[in-house]
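# Examining the three-dimensional arrangement
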Protein chains: 4
Amino acid sequence: MSENVDTRNAWLSKDDISTMRARMPIVYVEAVPVRVDSEGRITHVGLLLRAMPDGSISRAIVSGRILYNERVRECLVRNLEKDLGPVALPRIPPSPAPFTVAEYFPDPEISGFHDPRQHAVSLVFLVPCDGDCRPSQDALDLAWLTPDEVIRDDIRLEMTSGHDRLVRMALAHAGCLF
Amino acid sequence: MSENVDTRNAWLSKDDISTMRARMPIVYVEAVPVRVDSEGRITHVGLLLRAMPDGSISRAIVSGRILYNERVRECLVRNLEKDLGPVALPRIPPSPAPFTVAEYFPDPEISGFHDPRQHAVSLVFLVPCDGDCRPSQDALDLAWLTPDEVIRDDIRLEMTSGHDRLVRMALAHAGCLF
Amino acid sequence: MSENVDTRNAWLSKDDISTMRARMPIVYVEAVPVRVDSEGRITHVGLLLRAMPDGSISRAIVSGRILYNERVRECLVRNLEKDLGPVALPRIPPSPAPFTVAEYFPDPEISGFHDPRQHAVSLVFLVPCDGDCRPSQDALDLAWLTPDEVIRDDIRLEMTSGHDRLVRMALAHAGCLF
Amino acid sequence: MSENVDTRNAWLSKDDISTMRARMPIVYVEAVPVRVDSEGRITHVGLLLRAMPDGSISRAIVSGRILYNERVRECLVRNLEKDLGPVALPRIPPSPAPFTVAEYFPDPEISGFHDPRQHAVSLVFLVPCDGDCRPSQDALDLAWLTPDEVIRDDIRLEMTSGHDRLVRMALAHAGCLF
């Protein structure tokens, strides 16, 4: 999960956030960006290439911390635009319920979701994007892979933190886990 | 729920379908069409005005029988186009799981969902529509109402069969039941 | 999916049901029976060993046709008792929405879910069972496997019709797909 | 939402938590406790009577902050035991996904969910309880109301913070919103 540029509380210093991270779970949203056909079927999954909290350069889904006074929906849009650019046209789901919740811990053994910096509780959404997506800011690349490709062992090995599991859970949720 | 024009099995006569309806549950899809804003929040719910199985002219959601060899996704698109026209641009959800299942019975006391013709098991979806919607075929009118309007008592009284409940369940699912 | 003993409409002859199966989708419920710990985590998945519609003897989940005038909840209880015995104590979920919908077709290429007899639309539920489960009626055996075991290739090969996919989708839904 | 006794990080002083609450969203779980029949149908909803963050004594659902290094499932069990006693036998759902997410803000206009102390993001679950429930710790009373009773205007007026909406959303999710 990547650091955000905190537009709303820039006064939250690096020290402040470190202190909080050692004491409380931090709440995140994550989004698996997908291309869908006219019947809603997933045709492609979008994976970023980025520096991850564990120090690796890995393929990853969209991720960001919910800011003080920010709505979950706003946070999703803000992070999708941050990572996929301003004309990605994300289709935020009408329901506020995530399809799964990922719990990241500094200890990778607890849940399989790993973040060396913090205990994060992440609401994970599947978000169709219709527009022109291009990696922006921290991301080095954006690749659109078919469901078949994205579950291949070589692709899975390019993901860390548990993002490969989240991608497969998203596919299962969408009825296209083979 | 309305009768379909069976393009795939036109040989299923009125008599045949009557016979089956007396013996087995019939599987339907239903869709609550909505307008959403850029953050996925429902702004309007679309209600058709149509002749209903109970003989009334009522406000209703989109509804249709799944045909032999037809996919749930195809059936949703076909019925949304039948009722809202060919350029409604429905956003079929990526997940095949409905947000609720409505069970219609000839006896209105069993579940509160009533269809005098049959026992129907209906998979109900919430479907954002971005395009130009106009009532087609059997529908007499299409009205877009805000969440506040659609739960008003006078509007609810214009719905039969349990469609008012499905609309409120859809709003609850989307986090906007007040 | 197995044939039911139709207690409510025994007058539905083998010929009648064959006729209908050739013309309309038939609506089913299916249940992935699981053991859970006190925090709701899946510890074991229950798999039956039974004769399948494709002629094989395979591991399978609980399955049955919804009868005329039968509620989805009743149908789940009836089929769980039929397959797991009368003291399985199934915990039917409060929500009527299945976690996924499986569409079975005579042509195995359409969806990956295959039933040579019919087009079936199946509402699939995850059902914790607390009681004493023993295979009854048509089932030859019942095995409780851990999530790790149930996704092993050798176990997956003992399932047909797409039941291995449903089991993995159930695990993904429960957050325990590795 | 009530204050927790922090067994895991008692060193988090009142001042520390106040500081954090002014800067970051705090992540909570909430549970709507229900009695269900053998087919999973809700028969009763459990409402506590307690002191609320807004200073009122109101009817409320179960609620608590997720502690550092605590799993969502553990947090649900801990708070259900805290409020309903040690033998409530809560049935934590197998899926980690809440049925809805409630966003509480100090400003009651933002979302309709109100907490004067903080911005809280709450994962809300529906939890059947089979055991003997008795209010413990902070709660003054526990009442089990039928779905019909719990949505009555006089009962709704006894809830604050938006808990009446969460109860109706839970009923809608369970298919029993009338």
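Residues numbered from 1 in each chain as written. Chains lettered and ligands numbered in written order. Predicted model: local features only at pLDDT ≥ 70, side-chain atom pairs only at ≥ 80, totals over all residues. Heavy atoms only, no water.

A word on the overall build of chain A. Scanning chain A for helices and strands turns up 5 helices and 8 strands. Along the chain direction, N to C, the helices and strands of chain A fall in the order α-β-β-β-β-α-β-β-β-β-α-α-α. Here the C-alpha radius of gyration of chain A, 15 Å, is about what a compact globule of 178 residues would show, namely 16 Å. Considering only C-alpha atoms, chain A reaches an extent of 45 × 35 × 30 Å along its principal axes. Counting all 178 residues of chain A, 62% fall into the buried class. Once local pairs closer than 6 in sequence are excluded, the contacts in chain A between residues at least 24 apart make up 69%. Split by element, the accessible area of chain A, about 6,200 Å² in all, is 53% carbon and sulfur. (Helix = DSSP H or I, 4+ residues; strand = E, 2+ residues; numbered from the N terminus. Rg over C-alpha atoms; globule rule 2.2 N^0.38 Å. Buried < 20%, exposed > 50% of the residue type's maximum accessible area, 1.4 Å probe, protein only. Contact = heavy atoms within 4.5 Å. Areas by Shrake-Rupley, 256 points an atom, 1.4 Å probe, with all protein chains shown as cover.)

Here the focus is the relation of the copies chain A and chain D. For the match of chain A to chain D, the screw axis carries a shift of 0.0 Å, the RMSD comes to 0.0 Å, and the turn is 180 degrees. Here the copies are linked by what is in effect a two-fold axis. In terms of proximity to the rotation axis, the leading residue of chain A is Val27(A), whose C-alpha is 3.1 Å off the axis. Here 100% of the interface residues in chain A have copies in chain D that are interface residues too; the copies meet face to matching face. (Least-squares fit on C-alpha atoms with pLDDT ≥ 70 in both.)

Next up on the list: the relation of the copies chain D and chain C. The operation relating chain D to chain C is a screw motion whose rotation component is 180 degrees, with 0.0 Å of axial translation and a residual RMSD of 0.0 Å. A shared binding surface is used by both copies, with 95% of the interface residues of chain D retained as interface residues in chain C.

A separate point is the pattern of salt bridges. All names here are of chain B. Inspection of the entire model under this criterion finds 56 salt bridges over all chains. Salt-bridge contacts for lysine 82 lead to aspartate 83; the nearest nitrogen and oxygen are separated by 3.1 Å. Here lysine 82 matches aspartate 83 in class, with each residue buried. (Salt bridge = Lys/Arg side-chain N within 4 Å of Asp/Glu carboxyl O.)

Many authors give the size of an interface as the accessible area that is lost as the parts come together. Counting from both sides, the interface comprises 35 residues of chain A and, opposite them, 35 residues of chain D. Three residues stand out in chain A for area buried against chain D, namely Arg23(A), Met24(A) and Tyr68(A), and they jointly supply 23% of the buried area on that side. Remark: the boundary between chain A and chain D carries 2 salt bridges. Arg71(D) is paired through a salt bridge with Glu103(A); the nearest N and O atoms lie 3.2 Å apart. Summed over the shared surface of chain A and chain D, the result is 8 residue pairs in polar contact (both at pLDDT 80 or more). Within the residue set of the side of chain A that touches chain D, elements represented by two or more residues are helix H1 (14-21), strand E1 (26-36), strand E5 (100-105) and strand E7 (120-128) of chain A. Of the residues contributing to the side of chain A that touches chain D, the split by class is 22 nonpolar, 6 polar and 7 charged. (Buried area = accessible area lost by both parts, 1.4 Å probe. Polar contact = N/O pair within 3.5 Å; in protein donor to acceptor, adjacent residues only side chain to side chain. Nonpolar A, V, L, I, M, F, W, Y, C, P; charged D, E, K, R; others polar.)

Taken together, the contact pairs 21 residues of chain D with 20 residues of chain C. Summed over both sides, the interface of chain D with chain C buries roughly 1,600 Å², with 54% coming from carbon and sulfur. Across the pair Arg91(D) and Asp130(C) runs a salt bridge, and its minimum N-O distance is 2.5 Å. Here chain D and chain C share 8 residue pairs in polar contact (both at pLDDT 80 or more) between them. Among the secondary structure elements, those contributing two or more residues to the side of chain D that touches chain C are helix H2 (72-84) and strand E7 (120-128) of chain D.

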